[in-house]
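# Fold and contact review
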Amino acid sequence: RTLMASASPRNGSHHHATSTGAMTANAHRTIDAALDDAPVFYPTAEEFSDPMVYLSSIEPKVRRYGICKIVPPPGCAPAFNEDAWGRDTERFDTKQQHIDALKEGRTFKFGKEYTKAEYTTAAIEFDKQFSSLAGAGSEAMERRFWDVVETQSEKIAVDYGNDLDVNVFGSMFAATSDGLRHPWDLGHLFAHPLNLLRVIEHEIAGVTKPWLYLGMRFATFCWHVEDHFLCSLNYLHRGASKTWYGIPGVDAEAFENCARATVPHLFKDAPDILHQIITMVPPGVLVQHGIKVSRLVQNEGEFVVTFPRAYHAGFSHGFNVAEAVNFGHIGWLNFGQKAVDVYSKGAFKRNAVFAHQRLIVDASESFARAYDIARASLQSKSIGALTSALRKEMERMLSDEQYFRASLVRRGLQLKEVKPH
C-alpha cells in the first residue's frame, strides 16, 4: 500500500525503485542489531544553570558515543512560547521524503506549503493511517520505520518542515517568569563567553542562529555531521518523541568509508552526498561493518547534544516541534582545524562556512581585551582552560605561517618589507 502525507507534491510524483547493492542483500536488520544506549544525564539545578560549562564537563563521558541526552531538572525546563507559535501568517516549504527510498540517496523534492497550524493538522491526520501504532512504544515505532526503509514493504511519503528561520517563524523559547531569557534558550547560547562562535560578526542561520523543525511520523534527518564538525544542541519543545542514532567522532572516517563501500554508485554520482543529508545507511549495516552506533529516544522537554564530528541521524514518531543550533567549545578547537583540512584536501571537498583561523584570532583578541578591562571576572577555571587552548592554537598557526613563508622563500620568492604610511 501507499501512505502519503502530501498527495500533491509540487515537483513530480513518487516512482518506486528497488534499492540495489549490499544494503538490500544484507540480512542484518537494524532492529536486531547490537546498538549501544547513548548516555543520559540528569543535571542538578546548579549544574544546569550554566549550559556551556555543563556541556564541556560531560563531553569526556560522551566521546565514545558521539551523542547524549540531557533531562532538565524538575521545574527547570524552558517554557513554550505560545505567542510565537500563535503568530501563524507565514507559509513554509517542506521536503517530501519517500521513506521506502531513503537508502537510495534521492534528492528530496518539495512537498506542500503549510502554515504551522496547517502542518499540525496534516501531521495528526497522517498519524490516523497507522492505527496499529496507536499508543505504541518507541521500539514498535522503530521496528515499523526500519521495516519500510530496509524492506520497502510499504510506500510512505511524508512532508518534513526543516531548517525554518526563527527570525521569520519565531523561536519557541519563552522568557522566564522574571522576564529573562532561559540559560538554555538556543538563541541566547550564541553570546555565552565560552562559545567560540560568538565572535563571528555575521549571522549564520542554523549555525549561530537556531533553526526550527516541524516533524510528522517518520520524518527523517539522514546521516550528517555538523558544519565545521561543530557540536549541536537540539531541544524538543513539544509533541512526539524522536529516535536518534549517533556515531562517535573518532569513527567518522570509518563511517564514511563504510558508506562509500556500501553504496558506491551513490558516491560515484555525487561525491558530496553525505553533505546533502539525503541518505540513510541502516545502523544494522554499519554495525555489521564494525562501526559503533548508539541510540537514544528524545522526549518532549529534553535536549540532545551531538559532539564534534559525530555523525547522527534519526526520525520522528509523530508531530513535534524542535529547535537546534551549533556551538563551539574548548573541545571543538582541534576538530575545527581538521574540518578545514578535510574541506580543502579530503574526499568530500566543500566550501567553509566561516574562516576558522579568523575565529581563533578574534576569540583570542576578545579575551585579551576583556582581560585588560575586567581581569578579576576572568579568573574562572573554564575561561582559563579556554584561553590556554586558544594560545596553543595561535602558536600552531604562527608556526605553520613561518613554515609556509620559509618554503616560499626557498622556492625563490623575494620578500620585501613595506612600512605603513
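Just so it is clear, the model here is predicted, and its values are computed rather than measured.

### Some details on helix α5 (residues 116-127)
Taking 1.5 Å per residue as the helical rise, α5 with its twelve residues ought to reach 16 Å, and the 17 Å between its terminal C-alpha atoms agrees with that figure. Listed as buried for α5 are Lys116, Tyr119, Thr120, Ala122, Ala123 and Phe126. All buried residues of α5 fall inside an arc of 165° around its axis, so they share one side.

### Brief notes about unusual backbone geometry
Backbone geometry places glutamine 152, a non-glycine residue, at a positive phi of 55°. Mapping glutamine 152 onto the fold places it in the loop between α6 (138-151) and β7 (155-165). Glutamine 152 gets classed as buried once you look at its relative accessible area, which sits at 14%. Phi at phenylalanine 218 takes a positive value of approximately 75°, unusual for a residue other than glycine. Secondary-structure assignment places phenylalanine 218 in the loop between β8 (211-215) and β9 (220-224).

### Looking at a nonpolar patch on the surface
Side chains of Leu408, Val409, Leu413 and Leu415 sit close together on the surface and give an oily, nonpolar patch of about 360 Å² of accessible area. Among the secondary structure elements, leucine 413 is positioned in the segment after α14 (381-410).

### Let's talk about the pairing of strand β12 (residues 294-298)
With four of five residues buried, β12 is to be regarded as a mostly interior element. As paired elements, strand β2 (residues 36-37) and β12 share two bridges and run parallel to each other. The residue bridging aspartate 37 from the neighbouring strand is arginine 295, located in β12. Looking at chain direction, strand β11 (residues 242-247) and β12 are connected through five bridges and run antiparallel. Bridge pairing in β12 places tryptophan 244 opposite leucine 296.

### As for the pairing of β11
Among the six residues of β11, six are classified as buried, and the element is accordingly described as predominantly covered. In β11, alternate side chains face the same way, and those of Lys242, Trp244 and Gly246 on one face and Thr243, Tyr245 and Ile247 on the other are all buried. When β11 meets strand β14 (residues 311-316), the two strands line up antiparallel, connected through six bridges. From the neighbouring strand, lysine 242 faces β14, where its bridge partner is serine 316.

### Considerations on the sheet that holds β12
Here we have five strands laid out as an open sheet, ordered β2-β12-β11-β14-β9, and mixed in their pairing. Only two strands of the sheet have a single neighbouring strand rather than two, namely β2 and β9. Docked against the sheet, α6 engages β9, β11, β12 and β14, running at close to 105° with respect to β14.

### Let's talk about the packing of helix α12 (residues 333-345) against α14
The contact between α12 and α14 brings their axes to 10 Å, and the two run at 30°. Considered as vectors, α12 and α14 are oriented roughly parallel to each other. Counting all contacts with α12, which are made through Leu333, Asn334 and Gln337, the residues of α14 involved are Ala389, Leu390, Glu393 and Arg396. For the contact of α12 with α14, the class distribution of residues is three nonpolar, two polar and two charged.

### As for the nonpolar core
If you look at the biggest cluster of nonpolar residues, it comprises 75 residues, and the most contacted ones within it are Ile99, Phe218, Trp223 and Leu286. Of all the elements, α6 adds the most residues to this core, at five residues. Dropping the residues within four chain positions of it, isoleucine 99 is found in contact with Phe145, Val148, Val149, Ile156, Val158, Phe218 and Thr220. The next biggest cluster of nonpolar side chains, apart from the first, holds 42 residues, and it includes Leu194, Val305, Phe307 and Phe354.

### A closer look at the environment of glycine 290
Here glycine 290 is to be found in the loop between α11 (283-288) and β12. Separated by 36 residues in the primary sequence, glycine 290 and alanine 254 place their C-alpha atoms 8.8 Å from one another.

### With respect to the confidence of the model for the chain
For the chain, per-residue confidence averages 89 on the pLDDT scale, and 91% of positions sit at 70 or higher. Counting contacts from residues 7-27, a segment whose pLDDT is below 50, to residues more than four positions away or on other chains yields 39 contacts.

### Some words on the pattern of salt bridges
For the coordinates displayed, the defined rule picks out 23 salt bridges. Taking the shortest distance from any N to any O, the salt bridge between glutamate 113 and arginine 91 comes out at 4.0 Å. Of this pair, glutamate 113 sits in the loop between β6 (109-110) and α5 while arginine 91 is found in the loop between α4 (82-86) and β5 (95-98), placing the two residues 22 residues apart along the sequence. Overall, the relative accessible area of 42% leaves arginine 91 in the partly exposed class. Ionic pairing is found between glutamate 401 and arginine 405, a salt bridge with its closest N-O pair at 3.0 Å. In this pair, glutamate 401 and arginine 405 both sit in helix α14, four residues apart, roughly one turn of the helix. With a relative accessible area of 38%, glutamate 401 lands in the partly exposed category. Using a relative accessible area of 51% as the deciding quantity, one classes arginine 405 as exposed. Here the salt bridges do not stand alone but share partners, grouping Glu253, Glu256, Arg309 and Lys338 into one network.

Conventions we followed
Residues numbered from 1 in each chain as written. Predicted model: local features only at pLDDT ≥ 70, side-chain atom pairs only at ≥ 80, totals over all residues. Heavy atoms only, no water. Helix = DSSP H or I, 4+ residues; strand = E, 2+ residues; numbered from the N terminus. Expected span 1.5 Å × (residues − 1). Buried < 20%, exposed > 50% of the residue type's maximum accessible area, 1.4 Å probe, protein only. Arc of directions from axis to C-beta. Patch = residues over 30% accessible without salt bridge, like charges linked within 9 Å, V, L, I, M, F, W, Y side chains within 5 Å. Areas by Shrake-Rupley, 256 points an atom, 1.4 Å probe, with all protein chains shown as cover. Salt bridge = Lys/Arg side-chain N within 4 Å of Asp/Glu carboxyl O. Pairing = 2+ DSSP bridges. Contact = heavy atoms within 4.5 Å. Axes fitted to C-alpha atoms, helices over the stretch in contact; angles between N-to-C directions. Parallel < 35°, antiparallel > 145°, perpendicular 65-115°, else oblique. Nonpolar A, V, L, I, M, F, W, Y, C, P; charged D, E, K, R; others polar. Core = buried A, V, L, I, M, F, W, Y, C linked by side-chain atoms within 4.5 Å. pLDDT = per-residue confidence, 0-100.

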